[in-house]
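A structural walkthrough
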Amino acid sequence: TERPPAILVLHGARGDLSRRFVLPALAALAEADLLPPDWALLGTGRSDMPDEDFVEIVRDTLADHPAREAVVRRARFTADVTRDEPGAMPELLDDLAEELGGAPHVVHYLAVPPSAFARTTRALAAHGLHRGPGTVRVVYEKPYGTSPDSFAQLDAAVHEVLDEDQVFRIDHFLGKEATQNLHVLRLANELFATVWDREHVEQVQIDVPETLDVADRAEFYDATGAALDMLVTHLFQVLAEVAMEPPDVLDAQHLAAAREEVLAALRPIDPAEVVLGQFDGYRDLDAVADESDTDTYVAARVWVDDDRWRGVPFLLRTGKRMAADAQQVTLVLRRGRDTLLGGEVAPGRLTVSLAGDGAIQLTTTVKRPGPVPALALGTARLDLDDVSGGDPLPPYASLLDDVLRGDRSLFPTPVALEQAWRAFAPVLGDDRPAPIVYHPDTWGPEEADRLAAPSGWALP
Ligand code: BG6
């Protein structure tokens, strides 16, 4: 089908997020031939700069990308719209629309700090940029709010200007191939469908340790912390994917409703079931306050109080400067029996790795081959990029493609986010546990072990 022309306005185009995720996503779409024949990229930032300088930034950012020049050719720059004077953007958008022809879709991608979301949205309205001849869509990064109140205020400000179907709140963990495979694994395979409940699952772990530092974006990070950056956002959304009731149809409306239901059933978190940590040396980073008590690590045990999951702990964990990188969802299965052939039966595990192109692993107890009757643990692994005919897109590219096509299936709704904030609220107040210092390159504070007792964390 013919794709209408499109203009991507990248707010905060010089920032870390644009360079690490959005520009590479655009290049990936160009490479996969998923952009319309006519499109333009308009970068913006707090201060203006000549187009040529922005082009250099894009070139540098996409250094080794095969589609680099396809993006570079379309790149322009202008100062942002959050100042009082109209600036050049409205006129530039008109000119671009005329050049591209037709009534282009305009996507405003807000790769700016969360504190600038409301201001930027109002500025779009003040300059009449929230409505266009073509569709206007606005993409928000996470965290969308920093508390139940600030979420509500932000969402009210956004809805003063935009209709909900113009709003796309990115949570790129929903865009990962392996996350999307969770539904399919479950809905297409009776083997998994029948064990996806409290009777068969002893616990669920969603574990995202990172070796990454935060040095190159310490200012953002110090104002955010691990719990807001990852837990109430990515890990909660993945939890909703794992725990949802199977929707009748896999469309945007049914999926959104199913995620909302899980998050509504999430019990408000008990601060006693949360361990926060801060890696040793964090306070020495530039742009981090000497007395900062920002968490760089969080582990939590949470409960979904519905008929499918009542009593099954969901263990969530993530942190910076940890001993290893992984992104995995593990269903620890209950044991059918404790012993066999004189040996102890280990709980089976289904592990879905969200990292990279994704992988699925099934760990089971088997008879150890050989003449002596004995048990062993064996693991079967399927890498999703080995699936024949597969052509995976990176998550940001996949979601940007969805925005361009207007597919809302993989974007959190305000109701889902409101429920996430409600469940997380107890950890934001005076009862917030103090972060415990941990050594870099470890698995974080040992205090988190008790959350996973008796069987322990699947990793390391
Ligand atoms: C981002 C967080 O949203 O996700 C980062 O802000 C984190 O702190 C990143 O490192 C992890 O996602 P991915 O897909 O890059 O591994």
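Before going into details, it helps to say that this report is about the structure given with it. Because the structure is predicted, anything quoted here is derived from the model rather than measured.

1. Considerations on the layout of surface pockets
- The space that makes up the largest pocket amounts to roughly 1200 Å³.
- Around the largest pocket, the lining comprises 43 residues; the ones closest to its centre are D16, L17, A111, V112 and P113.
- Going through the elements one at a time, α1 (16-31), β2 (39-45), α5 (117-126), α9 (218-222), α10 (225-243) and α12 (395-405) are the ones with two or more residues in the lining of the largest pocket.
- Top element by residues in the lining of the largest pocket is α1. It accounts for four residues.
- The calculated volume of the second largest pocket comes to roughly 240 Å³.
- Among the secondary structure elements, those contributing two or more residues to the lining of the second largest pocket are α8 (190-193) and β15 (359-367).
- Grouping the constituent residues of the lining of the second largest pocket by class yields eight nonpolar, five polar and four charged.

2. Points about empty space enclosed by the protein
- Across all of its chains, the model carries four cavities of 30 Å³ or more by this definition.
- Reported here for the largest cavity is a volume of approximately 100 Å³.
- Every residue lining the largest cavity is counted, 14 residues in all, and those nearest its centre are K142, Y144, D171, T233 and L417.
- With three residues, helix α13 (residues 414-424) is the single largest residue contributor to the lining of the largest cavity.
- Residues belonging to the lining of the largest cavity are distributed by class as follows: nine nonpolar, one polar and four charged.
- Lining of the second largest cavity is provided by A6, I7, L8, L26, L35, P36, W39, A40, L400 and L404.
- Ranked by the residues each element gives to the lining of the second largest cavity, the list is headed by strand β1 (residues 6-11), at three residues.
- In terms of residue class, the lining of the second largest cavity is built from ten nonpolar, no polar and no charged.

3. Thoughts on the sheet that holds strand β4 (residues 105-110)
- With parallel pairing, six strands are arranged side by side in an open sheet as β3-β2-β1-β4-β5-β6. The open sheet is flanked by β3 (75-79) and β6 (167-169), the only strands paired with a single partner. Taken over all neighbouring pairs, the strand axes of this sheet differ in orientation by 20° on average, direction set aside.
- α12 rests against β1, β4, β5 (136-140) and β6 of the sheet, and its axis sits at about 140° to β4.

4. Notes on the packing of helix α7 (residues 177-188) against α10
- Remark: α7 packs on α10, axes separated minimally by 9 Å, with the N-to-C direction vectors making an angle of 10°. As the angle between them shows, α7 and α10 are arranged roughly parallel. Here T179, L182, H183 and R186 of α7 come into contact with α10, specifically with E241, V242 and A243.
- Residue classes in the contact of α7 with α10 are distributed as three nonpolar, two polar and two charged.

5. Let's talk about the pairing of β15
- With five bridges connecting them, strand β14 (residues 349-353) and β15 associate as antiparallel partners. Residue S353 lies in a different strand from β15, and its bridge partner there is A359.
- In this structure, the hairpin formed by β14 and β15 is closed by a connection of five residues, where G356 is found at a positive phi of approximately 55°.

6. Some thoughts on the site of the ligand
- Neighbouring the ligand are 13 residues; K142, E210, R217, D229 and K320 lie closest to it.
- Within the side chain of H234, a nitrogen or oxygen atom sits 2.7 Å from an oxygen atom of the ligand.
- Here an oxygen atom of the ligand and a side-chain polar atom of Q327 are 2.7 Å apart.
- Protein chains bury 85% of the 390 Å² of accessible surface belonging to the ligand in isolation.
- Placement of the ligand is best described as lying within the largest pocket.
- It is α10 that provides the largest number of residues to the shell around the ligand, a total of three residues.

7. Things to note about the pattern of salt bridges
- Taken as a whole and assessed by the stated rule, the structure comprises 27 salt bridges.
- Linking D163 and R131 is a salt bridge whose minimum nitrogen-to-oxygen distance equals 3.9 Å. On the criterion of sequence distance, the pair formed by D163 in the loop between α6 (148-161) and β6 and R131 in the loop between α5 and β5 is long-range, its members being 32 residues apart.
- Accessibility expressed as a relative area gives 42% for D163, which makes it partly exposed.
- One salt bridge in this structure joins R301 and E273, with 2.7 Å as the shortest N-O distance. Taken together, the residues span a long stretch of sequence, with R301 in strand β9 (residues 297-303) and E273 in the loop between α11 (252-265) and β8 (274-279) at a distance of 28 residues. An identical accessibility class is assigned to R301 and E273; each is buried.

The rules behind these values
Residues numbered from 1 in each chain as written. Predicted model: local features only at pLDDT ≥ 70, side-chain atom pairs only at ≥ 80, totals over all residues. Heavy atoms only, no water. 1 Å grid on protein atoms, 1.4 Å probe; cavity = no way out; pocket = protein on both sides within 12 Å on 5 of 7 lines; lining within 4 Å. Points joined across faces, edges and corners; volume = space filled by probe spheres on them. Helix = DSSP H or I, 4+ residues; strand = E, 2+ residues; numbered from the N terminus. Nonpolar A, V, L, I, M, F, W, Y, C, P; charged D, E, K, R; others polar. Pairing = 2+ DSSP bridges. Axes fitted to C-alpha atoms, helices over the stretch in contact; angles between N-to-C directions. Contact = heavy atoms within 4.5 Å. Parallel < 35°, antiparallel > 145°, perpendicular 65-115°, else oblique. Near = heavy atom within 4 Å. Polar contact = N/O pair within 3.5 Å; in protein donor to acceptor, adjacent residues only side chain to side chain. Areas by Shrake-Rupley, 256 points an atom, 1.4 Å probe, with all protein chains shown as cover. Sits in = over half its atoms within 2 Å of the grid points. Salt bridge = Lys/Arg side-chain N within 4 Å of Asp/Glu carboxyl O. Buried < 20%, exposed > 50% of the residue type's maximum accessible area, 1.4 Å probe, protein only.

By themselves, these observations are geometric and do not establish any function.
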